[in-house]
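# A look at the structure
Each chain is listed here by its residues.
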Amino acid sequence: MLRSPLLYRALGAAARRIGAAGTRSFGAAAARASGRSAMDFPCIDRLEMRQRDLMAGPEPTYEKVVTGYEVFHDSRPFVCDHGGVLPQMDIAYETWGRLDADRSNAILIHTGLSGSSHAHSHAKNSRPGWWEKFIGPGRAIDTDRYYVVCTNVIGGCYGSTGPWSVDPATGARYATTFPLLTVNDMVRAQFRLLDRLGIHRLHASVGASMGGMQSLCAAALHPERVGRLVTISACARSHPYSIALRFAQRQALMADPNFRRGFYYDGVQPHVGMKLARAVATVTYRSGPEWELRFGRRRRAPDQPPALCPDFLIETYLDHQSERFCLQYDANSLLYVSKAMDMFDISRSVTSRLAAQRDRAAAELEREQLAAPAPCTTNGSVCMAIEDQPASAAGHSQPETEDEIIQDLVAGVADVKQPTLVLGVQSDILFPVKQQREIAEILRRAGNDRVTYYELDAMYGHDTFLIDVVNVGAAIKGHLDNSI
């Protein structure tokens, strides 16, 4: 039965009188006017409650999420690939095992997007690390044999310099005045740490997901300093589907009214946007077959009417995972680090262009002989915020045909001749196995005859590298201990 237009006009007038703060009261009023019961939204109630709590309480302190790490402070300016300059930087890192007298047994572990340096537990932090079962005496990465180093990437928020850090020039947090980063920047910063530790040559560079991008990049940028390469569930260049998924996450985050163009540190964190972004990400990290077995179509309360808040078990899982994350990681770090992943391309033309940009910025910085380095400079002027970068700053001429693209990738890894392990997972939708096959192919075409490629038939999707200790661990251990 159709309702009278007068009823809807009356309800609209009631909404305007009540205002945004009275949404729940308006719902009750609408229910009374229509004669129907209003649906409950406990999930929205929880978001509103957290909003009130955040307005009354202190801001999140991300350095307390992870503890027990060491900090390498580098007081030298760090020139980024896109031209920005950090006047100084910190790198959080943790180590396990003992460094040999000749310092030749070091393994550098690279993290994924939101990973911290805490890959494994130790005396200063007994909590399990994100790769706890892969590292330790006799394990895949054997700390009886190797000295293991893991860092939080620059741009992150777990001890390394990132948007959440204080700009020494202003005394305020960088926010989105922080310079745009590349995966290459993250790797170059890590090698400054290795220099400080006196490690000239790594036994191996190991990483999965964005860490796999970094490990490949490390071998390409510093082939003489990397003895072995392990890249898992990664790519030689970010592909459109992966870029689209990360773009959707950033859009959800930036649409949060609390985001305030990245300047939210003195107010409420964009927790709703972060929660939505993490929910999207979690869908990409696992696989449909796993969720069929784990959740099926089961509902949380099958004897109750359907709800618009989490109802199916898969919905409650996504809600729980995203709820846990939304205040554990800095929103700006998510933007900056995920954008660096999107821009990753090991092609020689791209790497050369970035190096040329960086060299020009470094020369300009030297010419100006800055007495007090600005926090972020591009060709001598303050760098633009993340949303103000012109398209031309990020664009570059690309080879046009697929064959030209592959040839450019092959040229980019021309010096990567060390023993290499490439792992892919058939159920991975974020980094499909085609992308790992491409890594193996370009390395072989570049003349590397020591490439081992394994494709795992695991159901856990992209997160297989975190879960499948038996298969992933065995492949890593065999490569690190036996490859020549």
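For clarity, every value in this text was computed on a predicted model and none was experimentally measured.

Next up on the list: unusual backbone geometry. Residues other than glycine predominantly adopt negative phi, and peptide bonds predominantly adopt the trans conformation. Of note, the phi angle at Ser 209 is positive, near 60 degrees, even though the residue is not glycine. For Ser 209, the location among the structural elements is in the loop between strand 9 (204–208) and helix 5 (210–221). The class for Ser 209 is buried, based on a relative accessible area of 7%.

Here we take up the packing of aromatic side chains. Applying the stated rule across the entire model yields ten aromatic pairs. Relative to Phe 134, the ring of Trp 131 has its centre 4.9 Å away and its plane inclined at 25 degrees; by these criteria the two rings are stacked. On the accessibility criterion, Trp 131 (1% relative accessible area) is buried. We classify Phe 134 as buried; its relative accessible area is 1%. Consider the rings of Trp 291 and Tyr 317, whose centres lie 6.0 Å apart with planes at 70 degrees: the pair is edge-to-face. Placement of Trp 291 in helix 8 (residues 288–294) and of Tyr 317 in helix 9 (residues 313–325) is noted, with a sequence separation of 26 residues between them.

Counting across every chain of the model gives 24 salt bridges. With its nearest N and O atoms 2.7 Å apart, the salt bridge here joins Asp 319 to Lys 275. Pair noted here: Asp 319 is in helix 9 and Lys 275 is in helix 7 (residues 271–285), with a separation of 44 residues, a long-range link. By relative accessible area, Lys 275 is classed as buried at 11%. For Arg 445, the salt bridge identified is with Glu 441, shortest N-O distance 3.3 Å. One end of the pair, Arg 445, and the other, Glu 441, are both in helix 14 (residues 433–445), four residues apart, so they sit about a helical turn from each other. Of the residues examined, Arg 445 reaches a relative accessible area of 41% and is grouped as partly exposed. Here Glu 441 falls in the partly exposed class, since its relative accessible area comes to 35%. Salt bridges here are not isolated pairs; linked through shared partners, they connect Arg 46, Lys 275, Asp 319 and Glu 323.

Time to look at a nonpolar patch on the surface. Side chains of Met 39, Phe 41, Ile 44 and Leu 308 sit close together on the surface and give an oily, nonpolar patch of about 370 Å² of accessible area. By the element assignment, Ile 44 lies in helix 3 (residues 42–56). Taking the relative accessible area as the measure of exposure, Ile 44 reaches 36% and is therefore partly exposed.

Core analysis: the largest hydrophobic core is formed by 82 residues, its most contacted members being Tyr 329 and Ile 346. Sort the elements by how many residues they give to this core and helix 4 (residues 183–197) lands first, with eight residues.

Attention now goes to helix 9. Counted at 1.5 Å a residue, the expected span for helix 9 with its 13 residues is 18 Å, and the 19 Å between its end C-alpha atoms agrees. Within helix 9 the residues assigned to the buried category are Ile 314, Tyr 317, Leu 318, Asp 319, Ser 322 and Phe 325.

In this section: helix 13 (residues 402–412). When we look at burial in helix 13, the residues that qualify are Ile 405, Ile 406, Asp 408, Leu 409, Val 410 and Gly 412. Looking at the buried side of helix 13, the elements it contacts are helix 5, helix 11 (348–368) and helix 14.

All right, on to the state of the cysteines then. The final tally for this structure, using the stated rule, is one disulfide. Across the disulfide, Cys 43 is cross-linked to Cys 309 (sulfur-sulfur distance 1.9 Å). Across the S-S bond of Cys 43 and Cys 309 the torsion is about -70 degrees, and the bridge reads as left-handed. Within this pair, whereas Cys 43 is found in helix 3, its partner Cys 309 is found in the loop between helix 8 and helix 9, the two being separated by 266 residues in sequence.

Averaged over all residues, the pLDDT of the protein chain is 88; the fraction at 70 or higher stands at 85%. Across residues 7–21 the pLDDT falls below 50, and counting only partners more than four positions away or on other chains, this stretch makes eleven contacts in the model. Per-residue pLDDT stays below 50 along residues 373–396; that stretch engages in 49 contacts with residues further than four places along the chain or on separate chains.

Contact pair helix 6 (residues 240–254) / helix 7: the axes reach a minimum separation of 7 Å and the direction vectors enclose 165 degrees. Classified by the interaxial angle, the pair formed by helix 6 and helix 7 is roughly antiparallel. The handedness of the crossing between helix 6 and helix 7 comes out as right-handed. Residues Leu 245, Gln 249, Ala 252 and Leu 253 of helix 6 pack against Gly 273, Met 274, Leu 276, Ala 277, Val 280, Ala 281 and Thr 284 of helix 7. In terms of residue class, the contact of helix 6 with helix 7 is built from eight nonpolar, three polar and no charged.

This brings us to the pairing of strand 9. Within strand 9, five of the five residues are buried, which leaves the element mostly enclosed by the surrounding structure. The sheet contact formed by strand 5 (residues 106–110) and strand 9 spans four bridges and is parallel. Counterpart to Leu 108 in the pairing with strand 9 is Ser 205. Two elements, strand 9 and strand 10 (residues 229–232), share four bridges in a ladder whose sense is parallel.

Turning our attention to the sheet that holds strand 1 (residues 70–74). Judged by pairing direction, the sheet is mixed, and its eight strands sit side by side in the order 1-4-8-5-9-10-13-14 without closing on themselves. Both outer strands of the open sheet, strand 1 and strand 14 (451–456), are each paired with one neighbouring strand and no more. Taking each pair of neighbouring strands and ignoring which way they run, the sheet shows an average axis angle of 20 degrees. Of the strands in this sheet, strand 5, strand 9 and strand 10 touch helix 5, which is tilted by about 155 degrees from strand 9. This element, helix 14, spans strand 10, strand 13 (420–425) and strand 14 of the sheet and lies at about 170 degrees to strand 14.

Below, the discussion takes up the side chain of Asn 152. With respect to the helices and strands, Asn 152 occurs in the loop between strand 8 (147–151) and helix 4. Of the residues examined, Asn 152 reaches a relative accessible area of 1% and is grouped as buried. Those residues in contact with Asn 152 that sit more than four places away from it in its chain are Ile 91, Ala 92, Gly 115, Ser 116, Ser 117, Cys 157, Tyr 158, Gly 159 and Ser 160.

Thresholds, definitions, all that
- Residues numbered from 1 in each chain as written.
- Predicted model: local features only at pLDDT ≥ 70, side-chain atom pairs only at ≥ 80, totals over all residues.
- Heavy atoms only, no water.
- Helix = DSSP H or I, 4+ residues; strand = E, 2+ residues; numbered from the N terminus.
- Buried < 20%, exposed > 50% of the residue type's maximum accessible area, 1.4 Å probe, protein only.
- Phe/Tyr/Trp six-rings, centres within 6.5 Å; stacked < 30°, edge-to-face > 60°.
- Salt bridge = Lys/Arg side-chain N within 4 Å of Asp/Glu carboxyl O.
- Patch = residues over 30% accessible without salt bridge, like charges linked within 9 Å, V, L, I, M, F, W, Y side chains within 5 Å.
- Areas by Shrake-Rupley, 256 points an atom, 1.4 Å probe, with all protein chains shown as cover.
- Core = buried A, V, L, I, M, F, W, Y, C linked by side-chain atoms within 4.5 Å.
- Expected span 1.5 Å × (residues − 1).
- Contact = heavy atoms within 4.5 Å.
- Disulfide = S-S within 2.5 Å.
- pLDDT = per-residue confidence, 0-100.
- Axes fitted to C-alpha atoms, helices over the stretch in contact; angles between N-to-C directions.
- Parallel < 35°, antiparallel > 145°, perpendicular 65-115°, else oblique.
- Left-handed = near helix turned anticlockwise from the far one by under 90°.
- Nonpolar A, V, L, I, M, F, W, Y, C, P; charged D, E, K, R; others polar.
- Pairing = 2+ DSSP bridges.

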